[in-house]
Amino acid sequence: MQFCLFPIKLTSLSVHCLLQRKLQGYPQQWQLGLSVREVLPPALDSHSDPPPIFDGTTRLYISYTCPYAQRVWITRNCKGLQDKIKLVPIDLKNRPAWYKQKVYPANKVPALEHNNEVKGESLNLIKYIDSHFEGPSLFPDDPAKKEYAEELFSYIDSFYKTATSSFKGDGSKAGVAFDYIETALSKFEDGPFFLGQFSLVDIAYAPFIERIHPFLLEVKKYDFTLGRPQLATWIEEMNKNEAYTQTKSDPKDLVQSYKERFMAQL
């Protein structure tokens, strides 16, 4: 699954939108010391009018709380496309009828309106934005890294399933998934990220680790970074990337959301 169909309940958002490009371990062209503040639009609901669809504007339809949409939002920010791709947030709890009727019949987020077409599926979209828009490349040229990237993309669903299924116990059964991540982060020595240098792979995993980490810490008292120094460093480095951190939610809200979603099943 690469999309959000259902709402994720949050009470507030930590979405301070400052894009900082002077980042250790990131592409050289990012190291400009520039910051851009973005004002986020309010979410559109059933009472909102639709935007002027297919008027030549590129639009990214998201939910501020959806991890799949967050992937594409991060990619857009990392490419420096805030002025080229307009965010259109949708209220998933009270979504407008026109979104399904006129924009995306699947009625999910994320979706990208570009060149008079609407495309979906988050992994497809992050690759599409990286290859079809200007900005620093987020995918390596090295064949070995490309091959490993596809392996890591394929593992995401298993990672998420293993991690969340551990919620039924003390959380430690998720260790196998985090051991896999720790090993993956050790494969390349030219940086602290999955492929050494920051890439779409980091973007693909970040929203899920962002949610699972505080939940396991608070509810299960399990810190999966202990004994996994590569993973601990990766989280630290990701949190230096304000193209990512501007998309993050308040950890307390994420924990509450996961409690409501998963603990009722326990």
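What you see as residue numbers is a count from 1 along each chain, following the sequence as written. Whole-chain, interface and lining totals are the exception, using all residues; otherwise, since this is a predicted model, local features are given only for residues with pLDDT of at least 70 and side-chain atom pairs are given and counted only at 80 or more. To obtain the side-chain values, all non-hydrogen atoms of the structure were included, while hydrogens and water were left out.

Q: Can you help me understand the packing of aromatic side chains in this one?
A: Each aromatic ring pair is described using two quantities: the centre-to-centre distance and the angle formed by the ring planes. Only Phe, Tyr and Trp rings take part, Trp by its six-membered ring, and two of them pair if their centres are within 6.5 Å. Stacked means planes under 30 degrees apart, edge-to-face means over 60, and tilted covers everything else. What the rule picks out here adds up to 19 aromatic pairs. An angle of 20° between the planes, with centres 3.7 Å apart, marks the rings of Tyr155 and Tyr180 as stacked. One end of the pair, Tyr155, is in helix H4 (residues 143-165); the other, Tyr180, is in helix H5 (residues 175-184), and 25 residues separate them in sequence. Look at Tyr180 and you get partly exposed, because its relative accessible area is 25%. An aromatic cluster of three or more residues is present, and its members are Phe159, Phe178, Phe194, Tyr205, Phe224 and Trp234. Helix and strand assignments come from DSSP, with helices taken as H or I runs of at least 4 residues and strands as E runs of at least 2, each series counted from the N terminus. Burial classes follow relative accessibility: with a 1.4 Å probe on protein chains only, a residue under 20% of its type's maximum area counts as buried, one over 50% as exposed, and anything between as partly exposed.

Q: How do you make sense of the packing of H4 against helix H6 (residues 200-219) when you look at a structure like this?
A: Each packed pair of helices is defined by two parameters, the angle between the axes and the distance between the axes. To obtain an axis, a line is fitted to C-alpha atoms, over the contacting stretch when the element is a helix, and the angle between two such axes runs from 0 to 180 degrees between their N-to-C directions. At a minimum axis distance of 10 Å, the contact between H4 and H6 shows a crossing angle of 10°. By the angle between their axes, H4 is roughly parallel relative to H6. The segment H4 lies against H6, with Ala149, Leu152, Phe153, Tyr155, Ile156, Phe159, Tyr160 and Ala163 engaging Leu200, Val201, Ala204, Tyr205, Phe208, Ile209 and Ile212. Nonpolar residues are Ala, Val, Leu, Ile, Met, Phe, Trp, Tyr, Cys and Pro. Charged residues are Asp, Glu, Lys and Arg, and all others, Gly as well, are polar. Of the residues belonging to the contact of H4 with H6, the class tally is 15 nonpolar, no polar and no charged. Here is the rule for angles: anything less than 35 degrees is roughly parallel, anything more than 145 is roughly antiparallel, 65 through 115 is roughly perpendicular, and the remaining ranges are oblique. For this analysis, residues touch if any pair of their heavy atoms sits within 4.5 Å.

Q: Whenever I open this one, the confidence of the model for the chain confuses me. Can you help?
A: Detailed reading of the predicted model is not advised wherever pLDDT is low. In this model, the chain carries a mean pLDDT of 88, and residues with pLDDT of at least 70 account for 86%. Along the chain, pLDDT gives the predictor's confidence residue by residue, from 0 to 100. Segment residues 8-34 is flagged for pLDDT under 50; beyond a separation of four residues in sequence, or across chains, it makes 86 contacts in the model.

Q: Just checking my understanding: could you explain the packing of H4 against H5 for this structure?
A: Contact pair H4 / H5: the axes reach a minimum separation of 9 Å and the direction vectors enclose 155°. Between H4 and H5, the interaxial angle falls into the category roughly antiparallel. Taken as a pair, H4 and H5 cross one another with a handedness that is left-handed. Packed against H4, whose contacting residues are Tyr148, Glu151, Leu152, Tyr155, Phe159, Thr162 and Ala163, the element H5 presents Val176, Ala177, Phe178, Tyr180, Ile181 and Ala184 at the interface. Note on convention: the crossing is left-handed when the near helix lies turned anticlockwise from the far helix by less than a right angle, right-handed when the turn is clockwise.

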